[in-house]
Amino acid sequence: MIVAKRKPFNEIKSLLKDYKKVLNVGCGTCVAVCLAGGEKEVAVLNAELDMARKLEDNPVEMGAITVERQCDREYLEALDSLVNGYDALLSMACGAGIQFLAERYPEKPVLPAVDTTFIGVNQGVGWYEERCRSCSSCVLGLTGGICPVTMCAKGLYNGPCGGTNKGNCEIDKNQPCAWYMIYERLKAQNRLDCILEITPPSDWQNQIPRTVIQPGYKKPEKV
Amino acid sequence: MEMKSGSNLEKVLTAGHFAFTGELGPPRGTDAGEVRKKAAHLKGMVDAVNITDNQTAVVRMSSWAASIIILQEGLEPNYQMVCRDRNRLAMQSDILGAYAHGIRNMLCLSGDHQKFGDHPQAKGVFDIDSMQLIGMVKCMRDEGKFLGGTEIGHPPKIFIGAAANPFADPFEWRVHRLAKKIKAGVDFIQTQCIYNMDKFREWIKQSNDMGLTEKVFILAGVTPMKSVGMAKYMKNNVPGMDVPDELIKRLQGVDKKMQADEGIKIACEQIEEFKELKGVAGVHLMAIEWEHKVPEIAERAKMLPRPVV
Ligand code: SF4
Ligand code: SF4
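Since this is a predicted model, take the numbers as computed values, not measurements. For every chain, the first residue of its written sequence is number 1, and the numbers climb from 1 along that sequence. Chain letters start at A and ligand numbers start at 1, both assigned in the order the entries are written. pLDDT decides what is reported in this predicted model: residues at 70 or higher carry local features, side-chain atom pairs at 80 or more are listed and counted, and totals for whole chains, interfaces and linings draw on all residues regardless. Working from all heavy atoms in the structure, the side-chain values ignore hydrogens and water.

1. Observations regarding the site of ligand 1
Note on terminology: near, applied to a residue and a molecule or strand, indicates that one of the residue's heavy atoms is within 4 Å of it. Neighbouring ligand 1 are the residues Cys132(A), Arg133(A), Ser134(A), Cys135(A), Cys138(A), Val139(A), Leu140(A), Cys147(A) and Thr150(A). When residues are sorted by character, Ala, Val, Leu, Ile, Met, Phe, Trp, Tyr, Cys and Pro go into the nonpolar class, Asp, Glu, Lys and Arg into the charged class, and all the rest, Gly among them, into the polar class. Residues of the shell around ligand 1, tallied by class, amount to six nonpolar, two polar and one charged.

As structure tokens, then:
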């Protein structure tokens, strides 16, 4: 899932300072699971904003709605009849959701309430870890299911570097060395031959905005 | 015999001499005089001098610029390049420029993580890694092509070096990593500072057994300890460093004033052993901020005079 964390309160407050009526739009998918921008977080943030602005003698009227997925047109429709009543939209979705909202309502200021952080896993309640940088050419098949792009501090394709320290990365005694783990896992699977060959330089496909059209589908002429 | 680069280091090694290389860290400023002063200590003492590239991720005068200064002083640089600070475009253009100025040796490194340096907020580039950098320089030299595939006018003929750390985990993998670097096209290796001689002997034996030392020149890394404090610091704070307790005890066993001398003595004993050790083609002396001691070390280790080839 995509993991985000809420922006510092004062930053959100300052983004909203010129608006009197703001609709806070949550997202019911990734950011809800990682406890950053679901229905509950929308309610909490609205209450905080309401209180803070009252104290400043500059009250704000906060509306609330949480859609199933902000990155999906189908679920944004529900907002069409609402947005006109507001000066600005605050979004608690990931960066993609926020942009999709802004794209749909180009005349409205759309402001982010979260910092989108990574694609990661749920290790426990409130505890998430990064696992993928969406490089567009996955090498997990060679690296024992451990991503060197994300998990190695230098993103090395042919590690480990000389800094690996008793199984930990040179950057931190508490950060496991990705390449040490890759080695251990492949060794246990008797697959070390996977990393005997040199992995050539990456094509870095994530340097421009990417589009995916699945086989059998076409990009419609008009949406 | 046809040379790959014709550098002094290549000629010394190819002729079968026991090579001796040194190291020089460029200044944190613009004073070329500082480079010349350090170079003066090394002149005639070593076959080539590594010029570090923003070592420990701290900004310094660029390594190609300092390399040119020492060329002017009549020394041969071993131009270090790390993957941390440049993408493939910048790397290749720097290599062209360096070669045009007479630089003939390169050391291809990943580089210490930027977190350690004076700009921990920097974006680490790591467009390619050290293994891929070796392959790129080889492709530029032997195929006369850029990584992107187009032809180079007057390809750079570089003697290609890389580092190896025989002590980092997993130990069993280290020799395979060396094999990978050879496959990528490396001509010579300079190792991490060696203090654990037993482990080094084991690594070089594995390399001999796999036939690797016939395909690459291995220069054993030596850094004399200046004090017990330095030894303890290296043991505890420098990632990938293996400092045995016996070495610390030996330094503790002499008077504080004599610790530096004892450090040099240990280094000379190591060098004596390396001269006899099958698979070791030379020594890389990293006398960090101790360049003025290099003549004494070279003398005491009986590395003088340097061969003229
Ligand atoms: S290699 Fe890593 S970054 Fe690339 S797609 Fe696979 S998991 Fe993601
Ligand atoms: S120590 Fe391991 S994880 Fe850290 S940079 Fe080196 S290879 Fe990557």
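2. So, the packing of helix α2 (residues 32-42) of chain B against helix α3 (residues 63-72) of chain B
When two helices pack together, their arrangement is captured by the angle between the axes and the distance separating the axes. Residues and elements named next belong to chain B. Under this scheme, a helix contributes an axis fitted over its contacting stretch, all axes are lines through C-alpha atoms, and angles between N-to-C directions fall in the 0 to 180 degree range. By definition, any uninterrupted DSSP run of H or I lasting at least four residues is a helix, any uninterrupted run of E lasting at least two residues is a strand, and each is numbered from the N terminus. One can describe the packing of α2 onto α3 by two numbers: an axis separation of 9 Å at closest approach and a directional angle of 55°. The angle between the axes of α2 and α3 places the two elements in the oblique class. Both α2 and α3 take part in a crossing whose hand is right-handed. Two secondary-structure elements touch here, α2 through Ala32, Val35, Arg36 and Ala39 and α3 through Ala66, Ile69, Ile70 and Gln72. A breakdown of the residues in the contact of α2 with α3 according to their chemical character gives six nonpolar, one polar and one charged. The cut-offs work like this: below 35 degrees is roughly parallel, past 145 is roughly antiparallel, 65 to 115 is roughly perpendicular, and the gaps in between are oblique. Should the near helix be turned counterclockwise from the far one by less than a right angle, the crossing is left-handed, whereas a clockwise turn marks it as right-handed. Contacts: residue pairs with any heavy atoms within 4.5 Å of one another.

3. Remarks on the packing of aromatic side chains
Paired rings are identified among Phe, Tyr and Trp, the last through its six-membered ring, by centres lying within 6.5 Å, and are further divided according to the angle between planes into stacked (under 30 degrees), edge-to-face (over 60) and tilted (the rest). One pass over the structure, following the stated rule, counts five aromatic pairs over all chains. Ring geometry for Tyr157(A) and Trp204(A): centres 6.0 Å apart, planes at 65°, overall edge-to-face. Of this pair, Tyr157(A) sits in the loop between α6 (148-151) and β8 (168-169) while Trp204(A) is found in the segment after α7 (178-188), placing the two residues 47 residues apart along the sequence. Taking the centre distance of 5.3 Å and the plane angle of 75° together, the rings of Phe200(B) and Phe274(B) count as edge-to-face.

4. Regarding the sheet that holds strand β2 (residues 21-27) of chain A
Two strands in a sheet stick together by hydrogen bonds in their backbones, pointing the same way (parallel) or opposite ways (antiparallel). All names here are of chain A. If DSSP finds at least two bridges between two strands, the strands pair. The parallel open sheet is built from four strands, whose spatial order is β3-β2-β4-β5. Where the open sheet ends on each side, the last strands, each with one partner, are β3 (61-67) and β5 (110-112). Taking the axes of each pair of neighbouring strands and ignoring which way they run, one obtains an average angle of 25° across the sheet. Here four bridges tie β2 to strand β4 (residues 88-91), and the two strands are oriented parallel to one another. Each bridged residue has a counterpart across the sheet, and for Asn24 the counterpart in β4 is Leu90. On the sheet, helix α3 (residues 39-55) packs against β2, β3 and β4 and is oriented at approximately 175° with respect to β3. In the packing of helix α5 (residues 95-104) onto the sheet, contacts are made with β2, β4 and β5, and the angle to β5 comes to roughly 170°.

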